[in-house]
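# Commentary on secondary and tertiary structure
Here is how the chains run, residue by residue.
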Amino acid sequence: MNILKRPSAISLLYVIILFELSAFVLIGFMVQPFDYMALVVGGVMVFLLLVQYIMLTRFFPNLDRYILITANVLAAIGVIMQYRVNPDLAYKQLIWLAVGMALMVCVLIFVTKFKVWKKFLYPLIILSAVLLVSSLIFGKTINGAKNWFRIGIFSLQPSEFVKIIFVLVLALLLEDPKTQFKKFIIMCFYSAFCIAILVLQKDLGAALLYAGTFLVMYFVASGNVLVSLGFVGVGAGGAVVAYNLFDHVRARVEIWQDPWAQYNGKGYQIVQGLIAMASGGLFGVGLGLGTPKAVPVYYSDYIFAIVCEEFGILIGIAIMCFYLVFIIRGSLIAVNSENKFYALVAFGCTTLITLQSFIILGGVIKLIPLTGVTMPFMSYGGSSMMASMILMGVLEAIAIQNGNRRLAKLAEVESHVN
Amino acid sequence: MSTKKIKKEKIEKTGEDQNKRMRLNMKIMIFTVVAAFLYMMGYFSYTIMSNSSKWLSSVYNNKIAVAKNSITPGDILDRNGTVLATTKNGDRVYSGNLETRLANSHTVGDGSGAVASGAETLFSMELLGLDDNNSISIITQIRANENKRGNDVALTIDSKLNQYIYDAMGNNKGAVVLMNYKTGEVYSLVSKPGFDGNDIAQYLTDDTDPGNSELVNRATLGRYPPGSIFKIITTSAALRYLADAETKTFNCTGSVIIGGVKVSDYDGEKHGTIALAEALTHSCNSFFGLISQDIGSSNMLATAERFKFNTSFDFSDFVMAKSSYVQSDQAGDLAWSAIGQYKDTVSPLHMAMIVSAVANDGVMMEPKLFLKSTDASGQVQKSMKSNTYATIMERQEAFKLKTMMYDVVTAGTGKAAAISGYKIGGKTGTAEVTSNSTTKAHAWFVAFIGDTNHPLAIAVILENAGTGGSKSAPIAKKAFQKALDLGY
């Protein structure tokens, strides 16, 4: 019933299903004989999408459909590209997607039921600190950053999960109408500690993400422009110090200014990404006709470049729009929440997605220096996918609360009228 | 009771106000984010649309390499039609003569992509018959050209001249660029040691001598300290910024202390009281160190940048290293930078362009390697067009510099380059590489022929060979002589 009430969302769903199926049919024709596994993967994608959408909208009519759908589109484009380049990656990604969806539902239910966050401020602080420090000590280095953690056969990236705890902790600390001085100090130390560890791990993208999220959440909660500007100053100072202190920071800036000068070295990835995007033109060379393997890390950080090559700049801009839709809807959930803590959590989660997508998109198109973060929902990787899905679960939980409250108010008004 | 109630209301009210305030802040942030994303979309479309043809035709585009599997690339010829590279039975082969292969290796490049600075890579689109300015996408063109043969490309270089100069350099490592200063055509570009394009694998093993770097094009990618040839730039700065530049004198006692740093002349030679023209003729370090203090560091930087230091060269026919000039507020550094040491670096091709600009009344031409392309039926597809790259000096300034540079060859350090019957202007350079006196300096010589019928300019560098006047000037003379004999 609810589905029929919202024709725009459901028609979007049809378009997505058509897009996914036609893409997988095309990929199936890439090899001789026809690759039926592509159809299976496409079918599973559509099945997951429908089950998730129908079940969730049935049980939680107040859920934000647009967030759900945009996340699914982005994930679908990711799996399509991964299957097209390397089916093995796509199978794994599909599992991560399914696990992520389940996790999202769990988080959604948990956040709607769990009411005693305040008691968990210090345990959360300690948990996040332990996770970050242990990855610094026991972590192994992948792609130049020591931010991975091996458990059995899985490599996990703790910073992907800690960022959610980070938002929760900040929201708890900033919740009081009058920010107490003690809490302010705890907040500063905690944030500085997390960022410092990430810098030590050479995970500059994550450090930037945390710092930006801290700044945005503080500004939104306190409205204190002067102190916010002070933090901007500290951040800029830190950036200058890092630039002068660390070779890898300087190298990032140099290759951003002129990647062609270091083509055979550090500029290689950026140059190949630019060439890939330029090859696509407006409409792309067509799915399966590009040479995505020329771009290093094409399956993760650089997935945007190879999507642009095969689907064209227009789809590239559409992807940016999808993120923007997600961000605007996420922010509106925060704006509509009447509880300051949940409003801050929702806004923090949205800010994580905002900054993360902007940092990597801007880096790939050479608008800002490239720092390695994953594209939320699109990049290959379990940690990234699960973290993004958890973020979405938290957002949806708060959206459901908002909706329930609105319905309750409506019922109240109606009873008065009667 | 009532005060308590009021207080409670007040707190609730401030709480509500705070929430309102927070919503407003959130809305501000949303608008900021929307603006940032819109800007990103605009930048993205703009940067791709305005740069795509440049990026696609870039030597680093692997798609072109893939296209070579389905399209037969055309031949590479020199300006007289001598075949330097061709495709036989699907394999790329280079000239049958080893000497020719070595001497021309860096202009021709190689098809496998190990050397990405030669004609093979630079003109790969043309060799495959692809057109980057075409509205049809490259991928479509590649498919249309499948199993066909691309275009033949003729270069501006003369392979005989290249070979002659390669031999004349003897056992020295280094580079020579000889070009037409009116058109920008490069007649000869040699980087020694060269490589054998028919057996590129031998240079890719681990046990090759890294000091040889056969695969690096020293002429375009070498970043050498210019040494005294940089005094051409310092002289130009003096002429522009100092009213008394030509009359001002300094007393050279063989060395001078500037800002606590000793700047000494070659072999401690004392030039006495001299003015600018004489100082250039005899390459007096003390004079130029002192006059740089009057010119000032910002004017020195401005002049170096006028001569295209610190500039990314964006030429269609060459991949060139950026030359660098670093400004320093230390008097000693400024003095050393004015005589081409400190952190100054330059490529031989850039130096050839600079001396060409002096000879060409201050107009710097874009260097050209591509002469013309012809398709399978013999029809000319594209041909060279001369381009003015920049006007770096006024005519008057160039005239004064030329006059001083003629003196260098008639009466100064460059006598070894003199050819009877021709007005040759030049400048020697002996660029110190380390403070270690056992390592010999790089020998530089740049020169031009002051004759509109033979508009030739040259830059010669021999690595660790000694002084420019004794080692490089004779090579320049021989090269000019040969070029004149060949009718250029």
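As the structure is a computational prediction, the values presented were derived from the model and not from experiment.

## Re the overall build of chain A
From N to C terminus, chain A includes 16 helices and three strands. Considering only contacts within chain A whose residues lie at least 6 apart along the sequence, 69% involve residues at least 24 apart.

## Points about the overall build of chain B
Along its length, chain B carries 16 helices and 17 strands. Looking at the 488 residues of chain B, the share that counts as buried comes to 50%. Taking contacts inside chain B between residues at least 6 apart in sequence as the whole, the part at least 24 apart equals 69%.

## Digging into unusual backbone geometry
Of the consecutive residues Lys192 of chain B and Pro193 of chain B, the connecting peptide bond is found in the cis state with omega at 0°. Along the chain, the position of Pro193 of chain B falls in the loop between β6 (186–192) and α8 (218–221). For Phe377 of chain A, which is not glycine, the phi torsion reads 70° and is therefore positive. Assignment of secondary structure puts Phe377 of chain A in the loop between α15 (340–364) and α16 (382–417). One non-glycine residue with positive phi stands out, namely Asn464 of chain B, at about 45°. Of note, Asn464 of chain B is situated in the loop between β17 (456–462) and α16 (468–485). Judged by the 14 C-beta atoms lying within 10 Å of it, Asn464 of chain B is partly exposed.

## With respect to the interface of chain B and chain A
Accessible area lost when the parts come together is the quantity often used to give the size of an interface. On the side of chain A, 40 residues touch chain B, which itself brings 38 residues to the contact. When residues of the side of chain B that touches chain A are traced back to their parent elements, those giving at least two are α1 (2–56), α2 (62–67) and α6 (138–144) of chain B. Looking at the side of chain B that touches chain A, its residues break down into 19 nonpolar, 14 polar and five charged.

## Comments concerning helix α12 (residues 297–306) of chain B
All names here are of chain B. Among the residues of α12, Met300, Thr303 and Ala304 are the ones counted as buried. All buried residues of α12 project into a common sector of 100° when viewed along the axis, lining one side. Next to the buried residues of α12 lie α9 (231–241), α11 (285–295) and α13 (331–338). Just past α12, the residue Lys308 takes up positive phi, approximately 75°.

## A look at the sheet that holds strand β5 (residues 174–180) of chain B
Residue and element names in this part refer to chain B. What the five strands build is an open sheet, ordered β6-β5-β17-β16-β15; its pairing is antiparallel. This sheet does not close on itself; its edge strands, each paired only once, are β6 and β15 (424–431). Between one strand and the next, the sheet's axes are offset by a mean angle of 5°, whatever the strand orientation. Two strands pair when backbone bridges link them, and strand β16 (residues 442–449) and β17 are joined in this way by six bridges, in the antiparallel orientation. Across the sheet, the residue bridging to Phe448 is Ala457, located in β17.

## Examining the sheet that holds strand β3 (residues 91–94) of chain B
Residue and element names in this part refer to chain B. Spatial strand order, β3-β2-β1-β4-β12-β13: six strands in an open sheet with mixed pairing. Strands with a single pairing partner mark the edges of an open sheet, and in this sheet they are β3 and β13 (380–383). Relative to β3, strand β2 (residues 83–88) is paired through four bridges, and the arrangement is antiparallel. Among the inter-strand pairings, Lys88 is bridged to a residue of β3, identified as Asp91. Sheet strands touched by helix α3 (residues 98–108): β1 (76–77), β2, β3 and β4 (152–155). Its angle to β2, the strand with the most contacts, is close to 80°.

## Side note on the pairing of β17 of chain B
Residues and elements named next belong to chain B. Burial within β17 is extensive, with seven of its seven residues counted as buried. By the alternation rule, side chains of β17 split into Leu456, Ile458, Val460 and Leu462 and Ala457, Ala459 and Ile461, which are all buried. Where β16 hands over to β17, the hairpin turn is made up of six residues, counted between the paired strands.

## Regarding the pairing of strand β9 (residues 261–264) of chain B
Residues and elements named next belong to chain B. Pairing between strand β8 (residues 255–258) and β9: four bridges, direction antiparallel. For Ile257, the partnering residue across the bridge sits in β9 and is Lys262. Hairpin connection between β8 and β9: a loop of two residues separates the two successive antiparallel strands, and Gly259 in this loop has a positive phi of roughly 55°.

## A look at the packing of helix α7 (residues 158–174) of chain A against helix α9 (residues 204–222) of chain A
Residues and elements named next belong to chain A. Taken N-terminus to C-terminus, the directions of α7 and α9 make an angle of 20°; their axes are 11 Å apart at the nearest point. The angle between α7 and α9 places the two elements in the roughly parallel class. Seen along the crossing, α7 lies across α9 with a hand that is right-handed. Side by side, α7 and α9 meet where Ser159, Lys163, Phe166, Val167, Leu170 and Leu174 of the first sit next to Ala206, Leu209, Tyr210, Thr213, Phe214, Met217, Tyr218, Ala221 and Ser222 of the second.

## Remarks on the packing of α9 of chain B against α12 of chain B
Residues and elements named next belong to chain B. The N-to-C vectors of α9 and α12 enclose an angle of 115°; their axes lie 9 Å apart at closest approach. In this structure, the crossing between α9 and α12 has a hand that is right-handed. Where α9 abuts α12, its residues Ile233, Ser236, Ala237, Arg240 and Tyr241 lie against Asn299, Met300, Thr303 and Ala304. Its residues assigned to classes, the contact of α9 with α12 shows five nonpolar, three polar and one charged.

## Some points on the environment of His442 of chain B
Residues and elements named next belong to chain B. With respect to the helices and strands, His442 occurs in strand β16. Put simply, His442 and Thr467 are 25 residues apart on the chain and 7.2 Å apart in space, counted from C-alpha to C-alpha. Residue contacts for His442: discarding those within four places in its chain leaves Tyr224, Pro225, Gly227, Ala431, Val433, Ile461, Glu463 and Asn464.

## Some points on the confidence of the model for chain B
Per-residue confidence for chain B averages 86 on the pLDDT scale, and 91% of its residues sit at or above 70. Across the interfaces of the predicted complex, the ipTM metric reaches 0.92, alongside a pTM of 0.68.

Parameters and conventions
Residues numbered from 1 in each chain as written. Chains lettered and ligands numbered in written order. Predicted model: local features only at pLDDT ≥ 70, side-chain atom pairs only at ≥ 80, totals over all residues. Helix = DSSP H or I, 4+ residues; strand = E, 2+ residues; numbered from the N terminus. Contact = placed C-beta atoms within 7 Å. Buried ≥ 20, exposed ≤ 12 C-beta atoms within 10 Å, placed from the backbone. Nonpolar A, V, L, I, M, F, W, Y, C, P; charged D, E, K, R; others polar. Arc of directions from axis to C-beta. Pairing = 2+ DSSP bridges. Axes fitted to C-alpha atoms, helices over the stretch in contact; angles between N-to-C directions. Parallel < 35°, antiparallel > 145°, perpendicular 65-115°, else oblique. Left-handed = near helix turned anticlockwise from the far one by under 90°. pLDDT = per-residue confidence, 0-100.

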